[in-house]
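# Geometric and topological summary
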Amino acid sequence: MILAASGGIAFAQGPGDPAAVKSEDGKYLDSDGDPTFKVAPDGTVDWYTYSGYRRYHSDCHVCHGPDGEGSTYAPALKNSVKTMNYGDFLGVVASGRKNIGTAQDNVMPAFGDNPNVACYMDDLYIYLRARSVDAVGRVRPAKREDKPPAAQQAEDSCLGKR
């Protein structure tokens, strides 16, 4: 395992090739089994990329910019997911992070108790992964696949719905 230091925090090797090699209940996975995106030649995105766009713009864009490009006080998540693997991404979003000793101190709040984020972490990762390789543009995807029943079931379960 290769470790790279980033702001005093060690991360495992970044994600591999984002190409989708299989689908499970409408969610695409890469060769490592991590969630990834699928964009058809006509620009149609998978449900999770579309949902990730929506979730990103409801909770993340305020700090990280409207398209993952970063801001004056939060890093470009579009770039972060190029070096941060799936497990590390989940950990930072759930538990937060504090970087001290940089040109300015950065604090990422924990979102593990926020169901509007916690229930959609895969979607966020998938969207940002697609942004990181410019598979999707800076605007809302114009076409998307239908929401898979498994996505609705997972959402209902996470949000405590029956």
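Residues numbered from 1 in each chain as written. Predicted model: local features only at pLDDT ≥ 70, side-chain atom pairs only at ≥ 80, totals over all residues. Heavy atoms only, no water.

## As for the state of the cysteines
This is how the line gets drawn: In this description, the term disulfide denotes a pair of cysteine sulfurs within 2.5 Å. Numbering of helices and strands runs from the N terminus, with a helix taken as a DSSP run of H or I at least four residues long and a strand as a DSSP run of E at least two residues long. Here's how the labels work: a residue is buried when its accessible area is under 20% of the maximum for its type, exposed when over 50%, partly exposed in between, all with a 1.4 Å probe on protein chains only.
Considering all chains together, one arrives at 1 disulfide under this definition. Each disulfide pairs two cysteine sulfurs, and for Cys119 the partner residue is Cys158, the sulfurs being separated by 1.9 Å. On the S-S bond that ties Cys119 to Cys158, the torsion sits near -85 degrees, and the link is left-handed. With Cys119 in the loop between α4 (115–118) and α5 (121–132) and Cys158 in helix α6 (residues 149–158), this pair connects stretches of sequence that are 39 residues apart. Residue class for Cys158 comes out partly exposed when judged on its relative accessible area of 41%. Looking at Cys60, it has no disulfide partner, and the nearest cysteine sulfur is the one in Cys63, 8.7 Å off. Cys63 gets classed as partly exposed once you look at its relative accessible area, which sits at 32%.

## Notes on the pattern of salt bridges
Using the following cut-off: For this document, the term salt bridge refers to a Lys or Arg side-chain nitrogen within 4 Å of an Asp or Glu carboxyl oxygen.
Summed over all chains, the structure comprises 10 salt bridges. As a salt-bridge pair, Lys78 and Glu69 come within 3.2 Å of each other at their nearest N and O atoms. Residue Lys78 is classed as buried on the basis of its relative accessible area of 11%. On the basis of relative accessibility, which here comes to 36%, the residue Glu69 falls in the partly exposed class. Sharing partners across several salt bridges, the network here consists of Glu69, Lys78, Arg131 and Asp134.

## Description of the nonpolar core
Basically, it comes down to this: Put simply, buried Ala, Val, Leu, Ile, Met, Phe, Trp, Tyr and Cys residues joined by side-chain atoms within 4.5 Å make one nonpolar core. Only heavy atoms matter for contacts: two residues are in contact if any of them lie within 4.5 Å across the pair.
Formed by 26 residues in total, the largest nonpolar core has its most connected members in Tyr56, Phe89, Val93, Leu124, Tyr127 and Leu128. When residues of this core are traced back to their parent elements, those giving at least two are α1 (47–64), α2 (77–83), α3 (86–95) and α5. Look past the residues within four positions of Tyr127 in its chain and what remains in contact with it is Thr49, Gly52, Tyr53, Tyr56, His57, Asp67 and Val136.

## Here we look at the confidence of the model for the protein
Should pLDDT be low for a region, the predicted coordinates there are not to be read in detail. Here is the rule: Residue-level confidence of the predictor, termed pLDDT, takes values from 0 up to 100.
Residue-level pLDDT values for the protein average 86, and 88% of them are 70 or greater. Low pLDDT, under 50, characterises residues 1–12; the predicted model gives this stretch 22 contacts beyond four residues in sequence or across chains.

## Quick notes on α6
Spelled out, the test is: To obtain the arc, one takes the directions from the helix axis to the C-beta atoms.
Within the span of α6, buried status applies to Ala151, Glu155 and Asp156. All buried residues of α6 lie within an arc of 130 degrees about the axis, which places them on one face of the element. Of the exposed residues in α6, the ones pointing more than 90 degrees away from its buried face are Pro149, Gln153 and Ser157. Buried-residue contacts for α6 involve α1.

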